[in-house]
Amino acid sequence: MTAFYSEHSQVWVSVDCIIFGFDEGKLKILIGRRKMDPGRGEWSLYGGFVRSDEGIDDAANRVLYELTGLRNLFMRQVGAFGNVDRDPGERVVSIAYYALINVKDYDDHLRKEHGVEWVNFDELPQLYSDHNKMVFKARKLMKQKIASEPVGFRLLPSLFTLTQLQRLYEAVNGEPIDKRNFRKRIKDMDFIEKTELIDKTGSKRGAFLYRFNKRAYNEDTNFKL
């Protein structure tokens with residue numbers, strides 16, 4: 001390291017990850033109790049400091065992999081949070097990211113090892129520092145993204161019912177959707193394929209299972225839901 005900029009005060013840079021999941025018709029957030037001071041024991045997002053040999057995207061990917069054991073997750077930057085008094089320990093600027101994962105893909109043993117829990121978005125407790133602000137901004141960005149790109153499929157299993165798909169959009173948007181209009185729009189989307197498989201967990205009659213066709217989506221330039 002050089003002696004450049006020694007006349008300036010030092011600022012720490014961290015990343016915080018807002019991990020969204022979807023289960024039982026509810027939008028979920030992965031949080032845990034903070035294991036370090038300041039704020040030990042408070043509910044918190046999962047994060048870490050940026051190392052001297054990595055970029056901020058690399059740091060976020062590392063933190064996500066450490067927590068989930070999953071690679072190639074959908075991840076987008078939320079923004080920088082740098083109020084002077086946001087961290088009572090040191091002057092810390094945090095770059096927040098949000099990621100989408102299928103809850104069923106997450107090894108429950110790994111979740112317990114890290115001491116984190118899935119909580120309903122609507123029941124989110126008070127989090128450490130400005131983490132609640134990060135979560136709400138991330139949800140706002142995800143609502144915008146899911147309206148123009150089918151990113152919601154990353155929260156669903158590979159096979160899903162139309163009811164599951166509708167509940168996902170309702171959970172992300174925070175408001176009900178008219179069933180008839182929703183299904184009419186889905187019917188016009190070639191990249192949502194109906195299979196011959198039937199899910200009978202909800203009723204004896206069952207419901208057809210659907211899947212996302214990425215190739216068909218790449219050929220469709222008019223998606224909007």
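For the structure, see preceding data.
Residues numbered from 1 in each chain as written. Predicted model: local features only at pLDDT ≥ 70, side-chain atom pairs only at ≥ 80, totals over all residues. Heavy atoms only, no water.

S.K.: Run through the overall build of the chain, naming residues and quoting values.
M.R.: Along its length, the chain carries six helices and nine strands. By principal-axis analysis of the C-alpha atoms, the chain measures approximately 70 × 35 × 30 Å. Of all 225 residues assigned to the chain, the portion counted as buried reaches 43%. Of all intrachain contacts in the chain linking residues separated by at least 6 positions in sequence, the fraction that spans at least 24 positions is 66%. In the structure as shown, the chain presents an accessible area of about 13800 Å², 46% of it carried by carbon and sulfur atoms. (Helix = DSSP H or I, 4+ residues; strand = E, 2+ residues; numbered from the N terminus. Buried < 20%, exposed > 50% of the residue type's maximum accessible area, 1.4 Å probe, protein only. Contact = heavy atoms within 4.5 Å. Areas by Shrake-Rupley, 256 points an atom, 1.4 Å probe, with all protein chains shown as cover.)

S.K.: So what about the packing of aromatic side chains? Which residues, and what values?
M.R.: Tallied over the entire structure, the rule returns 10 aromatic pairs. Ring centres of Phe20 and Tyr98 lie 6.0 Å apart, and the angle between their planes is 75°; this geometry places the pair in the edge-to-face category. Separated by 78 residues along the polypeptide, Phe20 in strand 1 (residues 12–23) and Tyr98 in strand 6 (residues 92–100) bring together distant segments of the chain. What makes Phe20 buried here is its relative accessible area of 0%. The buried category is assigned to Tyr98, whose relative accessible area is 2%. Following the ring pairs from residue to residue traces out a cluster consisting of Phe153, Phe160, Phe191 and Phe212. Directly above the ring of Tyr128 sits Arg34, whose terminal nitrogen or CZ lies 4.0 Å from the centroid. Over the face of the ring belonging to Tyr65 we find Arg71, whose NZ or CZ atom lies 3.7 Å from the ring centre. (Phe/Tyr/Trp six-rings, centres within 6.5 Å; stacked < 30°, edge-to-face > 60°. Lys NZ or Arg CZ within 6 Å of the ring centre and 35° of its normal.)

S.K.: Describe the side chain of Arg86, naming the residues involved and giving the relevant values.
M.R.: Relative to the assigned elements, Arg86 resides in the loop between strand 5 (74–81) and strand 6. With residues near it in sequence (within four places) discarded, Arg86 still touches Asp16, Phe81, Val92, Ser94, Ser129, Asp130, His131 and Met134.

S.K.: Before we move on, can you summarise the pairing of strand 7 (residues 116–120) with the specific residues and values?
M.R.: The buried fraction of strand 7 is high, at four of five residues. Where strand 2 (residues 26–33) and strand 7 come together, five bridges link them in antiparallel fashion. Across the sheet, residue Ile29 finds its bridge partner in strand 7, namely Val119. (Pairing = 2+ DSSP bridges.)

S.K.: Mind laying out the packing of helix 3 (residues 131–148) against helix 4 (residues 162–173), listing which residues take part and the relevant values?
M.R.: Close contact between helix 3 and helix 4 brings their axes to 9 Å; oriented N to C, the two are set at 140°. Comparing the axis directions of helix 3 and helix 4 gives the class oblique. Contact with helix 3, carried on its side by Arg139, Met142, Lys143 and Ile146, involves Tyr169, Ala171, Val172 and Asn173 of helix 4 and no other residues of that element. Partitioning the contact of helix 3 with helix 4 into residue classes produces five nonpolar, one polar and two charged. (Axes fitted to C-alpha atoms, helices over the stretch in contact; angles between N-to-C directions. Parallel < 35°, antiparallel > 145°, perpendicular 65-115°, else oblique. Nonpolar A, V, L, I, M, F, W, Y, C, P; charged D, E, K, R; others polar.)

S.K.: Give a detailed account of the nonpolar core, specifying residues and quantitative values.
M.R.: Grouped together as the largest cluster of nonpolar side chains are 42 residues, with contacts concentrated most on Ile18, Phe20, Ile29, Tyr98, Leu165 and Ile192. Elements with a minimum of two residues in this core: strand 1, strand 2, strand 5, strand 6, helix 3, helix 4, helix 5 (179–187) and helix 6 (214–218). Sorting elements by how many residues they give to this core places helix 4 first, with six residues. Setting aside residues no more than four positions away along its own chain, Tyr98 makes contact with Ile18, Phe20, Phe74, Met75, Arg76, Val78, Ala138, Leu141, Met142 and Lys145. Residues Val15, Tyr97, Ile101 and Tyr106 belong to the second largest nonpolar core, which totals 19 residues. (Core = buried A, V, L, I, M, F, W, Y, C linked by side-chain atoms within 4.5 Å.)

S.K.: So what's going on with the pattern of salt bridges? Residues and values would help.
M.R.: On inspection of all chains with the given rule, the structure shows nine salt bridges. In this structure, the salt-bridge partner of Glu54 is Arg62, at a minimum N-O distance of 2.6 Å. Three or more residues joined by partner-sharing salt bridges are found here, namely Glu54, Arg62 and Glu66. (Salt bridge = Lys/Arg side-chain N within 4 Å of Asp/Glu carboxyl O.)

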